[in-house]
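Examining the three-dimensional arrangement
Below are the chains, spelled out letter by letter.
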Amino acid sequence: MRRPIVLVPACQRQLGSHAWHMAQDKYLHAVLRGAGCMPLLLPALGLDADLDAALQIADGVMLTGSASNVDARLYGEDILHPDLPQDPARDATTLPLIRAALARQLPLLAICRGFQEVNVALGGSLHQAVHAVPGMMEHRENVLDPLARQYAPAHRIKLMPDGLLSRLLGGESEMMVNSLHGQGIARLADGLLVDALADDGLVEAYTVASAAGFTLAVQWHPEWQVEDNPQSMRLFGAFGQACRDYQEQQHRKKE
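Residues numbered from 1 in each chain as written. Predicted model: local features only at pLDDT ≥ 70, side-chain atom pairs only at ≥ 80, totals over all residues. Heavy atoms only, no water.

1. Overview of empty space enclosed by the protein
Gaps between atoms show up when a probe of the same size as a water molecule is rolled over them. Where we set the bar: Buriedness for pockets is judged along seven lines, at least five of which must meet protein on both sides within 12 Å for an open set on the 1 Å grid over protein atoms alone, while cavities are sets there where a 1.4 Å probe fits but cannot get out, and lining residues have an atom within 4 Å of a point. Grid points are joined across faces, edges and corners, and a volume is the space filled by probe spheres set on the points. We call Asp, Glu, Lys and Arg charged. Ala, Val, Leu, Ile, Met, Phe, Trp, Tyr, Cys and Pro are nonpolar, and the rest, Gly among them, are polar.
Tallying each qualifying case throughout the model produces 2 cavities of 30 Å³ or more. The space that makes up the largest cavity amounts to roughly 60 Å³. As for the largest cavity, its lining consists of Asn69, Val70, Ala72, Tyr75, Ile79, His81, Leu84, Gln86, Gln128 and Gln183. Grouping the constituent residues of the lining of the largest cavity by class yields 5 nonpolar, 5 polar and no charged.

2. A closer look at the side chain of glutamine 150
Under the convention used in this document: Segments assigned H or I by DSSP are reported as helices when at least four residues long, segments assigned E as strands when at least two residues long, and all are numbered from the N terminus. For every residue, the accessible area (1.4 Å probe, protein chains only) is compared with the maximum for its type, and the residue is labelled buried under 20%, exposed over 50%, or partly exposed between those bounds. Any pair of residues with heavy atoms lying within 4.5 Å of one another is described as a contacting pair.
Within the secondary structure, glutamine 150 sits in helix α5 (residues 147-150). For glutamine 150, a relative accessible area of 12% corresponds to the buried category. Those residues in contact with glutamine 150 that lie beyond four places of it in its chain are Glu141, Asn142, Val143, Asp145 and Leu180.

3. A short note on the environment of proline 153
Structurally, proline 153 can be placed in the loop between α5 and β8 (155-159). Spatially, the C-alpha atoms of proline 153 and methionine 175 are 9.4 Å apart, while their sequence positions differ by 22 residues. Setting aside residues up to four positions removed in sequence, proline 153 forms contacts with Met176, Val177 and Asn178.

4. A few points about helix α4 (residues 113-121)
The element α4 is largely enclosed, with a buried count of 9 among its 9 residues. Taken as a whole, α4 has its buried residues at Arg113, Gly114, Phe115, Gln116, Glu117, Val118, Asn119, Val120 and Ala121. Two residues or fewer after α4 comes glycine 123, characterised by a positive phi angle close to 105 degrees.

5. A few points about unusual backbone geometry
The backbone phi angle of glutamine 105 is positive, close to 60 degrees, even though this residue is not glycine. Judged by relative accessible area, glutamine 105 falls into the partly exposed class, the value being 48%. Positive phi outside glycine occurs at glutamine 225, with the angle close to 45 degrees. Along the polypeptide, glutamine 225 turns up in the loop between β13 (215-218) and α7 (230-254). Given a relative accessible area of 46%, glutamine 225 falls into the partly exposed group.

6. Observations regarding helix α1 (residues 25-34)
Side chains that are three or four residues apart share a direction in an α-helix, a result of its 3.6 residues per turn. Our working rule: Here, the arc refers to the directions that run from the helix axis to the C-beta atoms.
Residues Lys26, Tyr27, Ala30, Val31 and Gly34 constitute the buried set of α1. Considered in projection along α1, the buried side chains sweep an arc of 140 degrees and stay on one side of the axis. Two residues or fewer after α1 comes glycine 36, characterised by a positive phi angle close to 70 degrees.

7. A look at the environment of glutamine 250
Position of glutamine 250 among the secondary structure elements: in helix α7. Note on glutamine 250: relative accessible area 23%, which makes it partly exposed. Along the primary structure glutamine 250 and glutamine 24 are separated by 226 residues, whereas in three dimensions their C-alpha atoms are 29 Å apart.

8. Section: the pattern of salt bridges
Once the charged atoms of two side chains with opposite charge are near each other, the side chains can pair. Rules: What counts as a salt bridge is simple: a side-chain nitrogen of Lys or Arg found within 4 Å of a carboxyl oxygen of Asp or Glu.
Tallied over the entire structure, the rule returns 13 salt bridges. Measuring nitrogen to oxygen at the nearest pair gives 2.5 Å for the salt bridge that ties aspartate 52 to arginine 104. Note that aspartate 52 is positioned in helix α2 (residues 51-56) and arginine 104 in the loop between α3 (88-103) and β6 (108-111), a separation of 52 residues in sequence. A relative accessible area of 31% means that arginine 104 is categorised as partly exposed. Among the ionic pairs, arginine 113 bridges to aspartate 91, the shortest N-O distance being 2.9 Å. Highlighted residues: arginine 113 in helix α4 and aspartate 91 in helix α3, separated in sequence by 22 residues.

9. What about the packing of aromatic side chains?
Quick reminder of the rule: Pairing of aromatic rings covers Phe, Tyr and the six-membered ring of Trp, with a centre-to-centre limit of 6.5 Å; geometry is then stacked below 30 degrees between planes, edge-to-face above 60, and tilted otherwise.
For the coordinates displayed, the defined rule picks out 3 aromatic pairs. Their ring planes at 40 degrees and their centres at 4.9 Å tell us that phenylalanine 115 and tyrosine 206 sit as a pair that is tilted. Taken together, the residues span a long stretch of sequence, with phenylalanine 115 in helix α4 and tyrosine 206 in strand β12 (residues 203-208) at a distance of 91 residues. Between phenylalanine 214 and phenylalanine 239 the ring centres are 5.9 Å apart and the planes differ by 50 degrees, which places this aromatic pair in the tilted class. Highlighted residues: phenylalanine 214 in the loop between β12 and β13 and phenylalanine 239 in helix α7, separated in sequence by 25 residues. A single burial state applies to phenylalanine 214 and to phenylalanine 239, both of which are buried.

Okay, structure coming up:
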């Protein structure tokens with residue numbers, strides 16, 4: 001059988017005089033090498049996107065990180081920092097995509113902005129500036145640092161006993177993760193189960209309770225140099241296997 005196809009929603013960015021639909025190579029590389037699947041970019045077309053057509057050929061969905069923030073108005077708040085980048089085309093594409101993918105029971109992996117998108121799509125809210133919340137630590141990277149330092153392990157997270165991450169990592173109770181985000185979960189959407197917490201209590205990973213198949217959302221960046229990180233390879237490997245299982249199930253239905 002062909003490699004499973006994983007939809008990767010693109011960001012819309014303005015470069016010079018032209019609008020572009022794009023995704024960073026590290027995410028596509030992680031799908032290809034870590035999950036063993038074929039990444040397929042989904043343009044950020046918003047209401048013009050034919051999500052049904054895209055999902056008919058998909059065996060999984062992965063939501064990437066991005067420099068842009070999810071529009072706070074989507075969870076009932078004013079945008080507190082309008083100087084920070086927004087991506088309304090991506091918001092208008094990913095939020096309905098998330099709901100449609102879950103309805104189809106497609107494997108879903110969400111990273112950083114994607115982690116926040118799933119929460120918002122299902123009715124949760126975000127801290128627009130985690131570092132400004134009393135009791136929360138600094139979760140942002142120093143953008144002046146070289147990339148190797150920005151993506152280096154930054155803090156510990158505690159894994160929930162018997163949670164998905166703990167099972168994937170052979171029963172581990174904690175791990176070190178990188179940290180490159182300014183926003184984070186304020187109210188977890190109904191139906192989401194916490195899978196990992198930072199020491200300050202911020203949600204770092206969750207799953208979808210009602211999902212029959214693989215769903216995992218993480219706030220850190222496991223895609224970074226994925227082949228050099230055994231924990232990240234296990235995570236992407238499990239996602240890839242779920243995509244292969246889904247592909248096989250769909251193949252049997254057509255027989």
